[in-house]
Amino acid sequence: MRVRIHRGAHEIGGSCVELECDGARLVLDVGKPLTAGPREHVPLPAVPGLADGADRSLLGVLVSHPHLDHYGLVDQVHRTVPVLAGREAAALVSAARFFSPMGPELRPSGHLEDRRPLRLGPFTVTPHLVDHSGFDSYALQIDAGGRRLLYTGDLRGHGRKAKLFERMVTAPPAGVDTLLMEGTHVRTEPGEEDEARLPTETEVELAMAETFRATPGLPVVVSSAQNIDRLVTVYRAARRSGRILLVDLYTATVAQAIGRRTIPQPGFPRLGVFIPRRQRVLVKQSGEFHRTAAVRALRVFPEQLLADPARYVILTGSSAVSELLSGGQLRGGVVVWSLWAGYLTEPSGQRLVAQAAAHGVPLVHHHTSGHAPLCDLKRLVAALKPGRIVPIHTEGAQQYARHFPRVSTRNDDEWWQA
């Protein structure tokens with residue numbers, strides 16, 4: 001089995017890997033680089049048949065999870081090329097497109113299921129459900145030509161599904177010849193290493209609950225509607241603090257689309273819906289009034305927030321914060337930033353920080369990473385005992401050998417044997 005990383009050998013995001021065995025090929029992920037702008041066109045990697053469907057040796061594309069840096073170019077894949085992804089991942093992406101049309105449809109022709117092998121030509125693919133901030137995420141075990149490769153995709157061990165990481169550590173796939181391992185937290189320079197563990201989602205929950213209890217007014221939590229772990233965290237924190245959680249229409253739609261009764265959504269106790277102006281305009285412009293009609297009985301309006309702000313917590317996107325600040329709903333409240341802190345240094349983040357400060361509203365940070373820290377990556381390697389480790393989804397590929405045994409650093413577009 002031969003392997004070629006098209007993108008990701010020395011960068012975080014934009015992942016794309018091509019596998020070849022006995023004249024047949026598979027592609028793992030077709031991500032859009034994180035460095036690309038929201039509307040910037042990025043061409044597909046130069047995989048024969050990927051764009052035009054003209055090469056029948058290409059058997060399909062496997063999407064590890066529903067983050068744009070792993071599936072963001074899938075709309076350019078020719079429709080005759082099969083795409084496989086998690087069923088719930090595809091449902092999430094489809095539901096999100098009304099609110100965030102920059103993300104393409106996954107349109108899977110088949111689905112990945114936890115530990116259910118798929119035979120594709122000479123390849124046997126075994127998906128392993130993993131813990132990640134992206135819902136329905138998989139590591140992909142590929143067996144072909146007498147060799148076994150394990151592609152981690154993105155994973156961690158401190159989220160709501162941490163038991164999946166522990167399963168990988170305590171009962172790992174045997175005989176892994178090549179571990180193609182993400183290293184988001186492997187630093188680029190010696191001396192920058194951080195061996196510390198990261199906060200768990202439960203610890204984020206407890207910190208949020210403490211902030212909610214200490215806030216006399218309305219807390220608004222800014223996070224991604226597609227981070228289902230964080231939705232659960234905020235809901236539990238609101239319950240701990242005796243408040244009602246209000247989710248926006250985007251979050252409510254995504255949670256319902258996944259179809260799991262365990263995910264907080266309209267119909268859950270002490271959960272309502274607040275629809276920010278931007279989403280109200282979107283519904284009006286599209287004429288899809290059934291979206292607001294479906295949650296009419298659960299809606300809480302700005303006037304109600306003004307009258308009793310201590311009763312609620314809102315979970316929404318950053319664009320709603322200025323509306324709540326100018327409307328007075330956040331007087332005595334707090335903005336909880338529950339995303340990567342680096343976003344606050346970007347122009348939109350700086351504007352939000354300035355607006356909150358101008359209104360005298362504090363901004364606090366309660367968050368944890370979607371990626372495994374170095375200490376957990378070391379646990380994973382010790383459990384798997386792979387024949388070699390190849391870096392991907394990292395800016396610190398040159399530092400892997402300082403932390404892990406049997407490292408083989410590769411470059412983009414270079415073929416090598418698994």
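The structure reproduced in this document is the subject of the present report. (Residues numbered from 1 in each chain as written. Predicted model: local features only at pLDDT ≥ 70, side-chain atom pairs only at ≥ 80, totals over all residues. Heavy atoms only, no water.)

### Points about the overall build of the protein
Using the following cut-off: What counts as a helix is a DSSP run of H or I of at least four residues, what counts as a strand is a run of E of at least two, and both are numbered from the N terminus. C-alpha atoms define the radius of gyration, and 2.2 Å times the number of residues to the power 0.38 defines the globule rule. Accessible area is worked out with a 1.4 Å probe on protein chains only. A residue is then buried under 20% of its type maximum, exposed over 50%, and partly exposed in between. The Shrake-Rupley method, run with a 1.4 Å probe sphere, supplies the accessible areas, and residue values consider only the shown protein chains as cover. Only four residue types enter the charge count: Lys and Arg as positive, Asp and Glu as negative, with His and the chain ends excluded. The atoms used to mark charge sites are NZ of Lys, CZ of Arg, CG of Asp and CD of Glu.
Helix and strand content of the protein: 13 helices and 19 strands. For 418 residues, the compact-globule estimate of 2.2 N^0.38 gives 22 Å, and the protein sits close to it at 22 Å. In terms of overall dimensions, the protein has a C-alpha envelope of 70 × 50 × 35 Å along the principal axes. The burial tally for the protein puts 57% of its 418 residues in the buried class. About 17,200 Å² of surface is accessible on the protein, with carbon and sulfur atoms providing 50% of the total. Distance between charge centroids for the protein: 7 Å, based on 49 positive and 42 negative side chains.

### Description of unusual backbone geometry
Located in the positive-phi region is lysine 385, a residue other than glycine, with phi close to 50°. With respect to the element layout, lysine 385 can be found in the loop between α12 (374–384) and β18 (388–392). Positive phi, close to 55°, is recorded for arginine 406, a residue that is not glycine. Summarising the element assignment, arginine 406 is placed in the loop between α13 (400–403) and β19 (415–417). Given the relative accessible area of 46%, arginine 406 is considered partly exposed.

### A word on the packing of helix α2 (residues 87–96) against helix α6 (residues 249–258)
Stated formally: Think of each axis as a best-fit line through the C-alpha atoms, taken over the contacting stretch in the case of a helix, with angles from 0 to 180 degrees between the N-to-C directions. Angles are sorted into four bins: roughly parallel if under 35 degrees, roughly antiparallel if over 145, roughly perpendicular if 65 to 115, and oblique for all others. Take the far helix as the reference: if the near one is turned anticlockwise from it by less than a right angle, the crossing is left-handed, and if turned clockwise, right-handed. The contact criterion used is simple: two residues touch if any of their non-hydrogen atoms lie within 4.5 Å.
Running from N to C, α2 and α6 cross one another at 150°; their axes reach a closest spacing of 8 Å. Between α2 and α6, the crossing angle belongs to the class labelled roughly antiparallel. Where α2 crosses over α6, the two elements pack in a sense that is right-handed. Mapping the contact onto sequence places Glu88, Ala91, Leu92, Ala95 and Ala96 in α2 and Tyr250, Thr253, Val254, Ala257 and Ile258 in α6.

### Thoughts on helix α5 (residues 228–240)
This is how the line gets drawn: The span expected for a helix works out to 1.5 Å for each residue beyond the first.
Helix length check: α5 (13 residues) gives 18 Å between terminal C-alpha atoms against 18 Å at 1.5 Å per residue, within 8%. Most of α5 sits out of view: 10 of its 13 residues are buried. What α5 keeps buried is the set Ile228, Asp229, Arg230, Leu231, Val232, Thr233, Val234, Tyr235, Ala237 and Ala238.

### Remarks on the sheet that holds strand β9 (residues 137–144)
The strands making up a sheet are joined through hydrogen bonds of the backbone, oriented either antiparallel or parallel. Filter applied, for reference: Here a strand pair is declared whenever DSSP counts at least two bridges between the two strands.
If you walk across this open sheet you meet the 6 strands as β7-β8-β9-β10-β11-β18, and the pairing is mixed. Each end of this open sheet is capped by a strand with a single partner; those strands are β7 (118–120) and β18. Each neighbouring strand pair of the sheet contributes to a mean axis angle of 20°, computed without reference to strand direction. Pairing analysis gives 7 bridges linking strand β8 (residues 123–130) to β9, with the strands arranged antiparallel. Paired with histidine 128 across the bridge in β9 is alanine 139. Helix-sheet contacts for helix α3 (residues 162–170) involve β8, β9 and β10 (147–151), and the interaxial angle to β8 is about 130°.

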